[in-house]
Amino acid sequence: MSPAAAPVRLLTGFAGFGAGSVNLAISSSMFASAGAVEPARLLAGVLAGLWGAALLAGAVVFLARERLVGGRWTRYALSSAAAVHLAGIVFAASGTPGLGLTQLSALLLTLMVIASVGWLGRSGDRPQRMATSPQAAGMRPGRLLLAAFAGAVLVAGITTPGLAASTAGQYAVPHGGHGHLVPAGHHQR
Amino acid sequence: MRNSPNRLVATIFGAVYLLVGLLGFAVTSGVGFVATEGANLIIFEVNPLHNVIHLAIGAALLFAGLRGTDTARTVNATVGAVYLLVGIVGLFLLNSPLNIIALNGADNVLHLASAVLLLGVGLSLDKSPATARA
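Cut-offs applied
Residues numbered from 1 in each chain as written. Chains lettered and ligands numbered in written order. Predicted model: local features only at pLDDT ≥ 70, side-chain atom pairs only at ≥ 80, totals over all residues. Helix = DSSP H or I, 4+ residues; strand = E, 2+ residues; numbered from the N terminus. Buried ≥ 20, exposed ≤ 12 C-beta atoms within 10 Å, placed from the backbone. Contact = placed C-beta atoms within 7 Å. Axes fitted to C-alpha atoms, helices over the stretch in contact; angles between N-to-C directions. Parallel < 35°, antiparallel > 145°, perpendicular 65-115°, else oblique. Left-handed = near helix turned anticlockwise from the far one by under 90°. Nonpolar A, V, L, I, M, F, W, Y, C, P; charged D, E, K, R; others polar. pLDDT = per-residue confidence, 0-100. Expected span 1.5 Å × (residues − 1). Core = buried A, V, L, I, M, F, W, Y, C linked by C-beta atoms within 7 Å.

### Comments concerning the overall build of chain A
Counting its regular elements, chain A contains seven helices and zero strands. Of the regular secondary structure in chain A, the N- to C-terminal order runs α-α-α-α-α-α-α. Every one of the 189 residues in chain A was classed for burial, and the buried ones make up 49%. A separation threshold of at least 6 residues defines the contact pool for chain A, and within that pool the share at least 24 residues apart is 75%.

### Quick notes on the overall build of chain B
When you go through chain B residue by residue, the secondary structure sums to five helices and two strands. In terms of overall dimensions, chain B has C-alpha extents of about 50 × 35 × 20 Å along its principal axes. Looking at chain B as a whole, 49% of its 134 residues are labelled buried. Here the analysis covers contacts within chain B between residues at least 6 apart in sequence; of these, 60% occur between residues at least 24 apart.

### Examining the packing of helix α6 (residues 141–164) of chain A against helix α1 (residues 5–27) of chain B
It is the contact of α6 of chain A with α1 of chain B, at a shortest axis distance of 9 Å, that shows an interaxial angle of 60°. For the element pair α6 of chain A / α1 of chain B, the angle class is oblique. Of the two elements, α6 of chain A crosses α1 of chain B, and the hand of that crossing is right-handed. Counted together, Pro141, Leu144 and Leu145 of chain A of α6 of chain A and Pro5, Leu8 and Val9 of chain B of α1 of chain B form the full contact between these two elements. Within the contact of α6 of chain A with α1 of chain B, the residues separate by chemical class into six nonpolar, no polar and no charged.

### A few points about the confidence of the model for chain B
Residues and elements named next belong to chain B. On average, residues of chain B carry a pLDDT of 84, and 90% of them reach 70 or more. Ranking the helices and strands of chain B by mean pLDDT puts helix α2 (residues 48–67) first, with 93, and helix α5 (residues 129–133) last, with 52. We note a pTM of 0.85 for the whole complex and an ipTM of 0.84 for its interfaces.

### What to know about α2 of chain B
Helix length check: α2 of chain B, at 20 residues, gives a terminal C-alpha distance of 28 Å against a target of 28 Å (1.5 Å per residue), a fit within 8%. Looking at α2 of chain B, one finds that the buried residues are His50, Asn51, His54, Ile57, Gly58, Leu61, Leu62, Ala64 and Gly65 of chain B.

### Regarding the environment of leucine 154 of chain A
All names here are of chain A. Relative to the helices and strands, leucine 154 resides in helix α6. For leucine 154, a count of 18 C-beta atoms within 10 Å translates into the label partly exposed. Along the backbone, leucine 154 and threonine 110 are 44 residues apart, and their C-alpha atoms lie at a distance of 14 Å.

### Some points on the environment of phenylalanine 25 of chain B
Residues and elements named next belong to chain B. With respect to the helices, strands and loops of the structure, phenylalanine 25 is situated in helix α1. Residue classification places phenylalanine 25 among the partly exposed positions, given that 16 C-beta atoms sit within 10 Å. Remark: the alpha-carbon pair of phenylalanine 25 and leucine 62, spanning 37 residues in sequence, is separated by 19 Å.

### Focus on the nonpolar core
In this structure, Leu109 of chain A together with Leu61, Ala102 and Val116 of chain B are the most contacted members of the largest nonpolar core, which totals 82 residues. Filtering out sequence-adjacent residues up to four positions away, valine 116 of chain B remains in contact with Phe14, Phe17, Gly18, Ala152, Val155 and Ala156 of chain A together with Gly80 of chain B.

### Quick look at the packing of α2 of chain B against helix α3 (residues 69–91) of chain B
Residues and elements named next belong to chain B. At a minimum axis distance of 7 Å, the contact between α2 and α3 shows a crossing angle of 155°. Between α2 and α3, the crossing angle belongs to the class labelled roughly antiparallel. Classified by chirality, the crossing of α3 by α2 is left-handed. Here Ile57, Ala60, Leu61, Ala64, Gly65 and Arg67 of α2 come into contact with α3, specifically with Thr71, Ala72, Val75 and Val79. Of the residues that constitute the contact of α2 with α3, the class distribution is seven nonpolar, two polar and one charged.

### With respect to helix α1 (residues 5–33) of chain A
With 29 residues, α1 of chain A extends 42 Å from end C-alpha to end C-alpha; this agrees with the ideal 42 Å at 1.5 Å per step. For α1 of chain A, the tally of buried residues reaches 25 of 29 residues, placing the bulk of the element in the interior.

Below is the structure:
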């Protein structure tokens, strides 16, 4: 197994957490903007929420059990999700202001998952060997953690603007500002 | 400790959080416990409530890192999961103080990075062979 497999595996999980969070933010935005007479938007919100929850659960299983749930079907689903996010950006299908950046964030994170899963597959990753210790993966713990921290900052750097651009971001309480409720529609930063 | 990523992460993050919590009290004298306008600690805006949270998380992580690998794994995964879950639940509680993750800014990037790093390392590294086969 390549020494890079362990940090790439962690990056895959991080990107899964990020993509799941952003899809839940898209779902939240759909619900917030959907009226009772807009079933299409409600359906989109439900689908985005289910997909976000599936991504989070899949990331947990991937990291804990070291296998991709669903195999090639998950790859197809990830590719389809990337296409939907791309369509959301190009056609502005959501119609919700600010969601373009959220869709872009989701697209980048989904592509990151697809690329890293593909790389792990081609590198002949054998999960059970990596499971016991980083030494089994051929990497010192300090270096592994530095790589993991860089990956976490990268994922957070893509995820946070996407979340901030969602409807939830407009209501969010700023750091140091807990206890202060924000007027609807007012961006904090 | 040097051979366990979980113990390293817990110890380093615990020490940093403890330090930030202690230094925070030095700059927040006169600031209300849950004041809207906090004080700046370098680039991080803090108030006394944040300092207490930083101290509690730092103490838990440092204790776990010094105690052993299994404890460090559990505490890392728990703290990371709680961070992430509170933020995600907050996405659906609009206009609520729980909505704390959907923000922009360097401090929030670091908070989210901490959450995914702690959860990811806790879930995936330092597993016993039995756990890995499960």
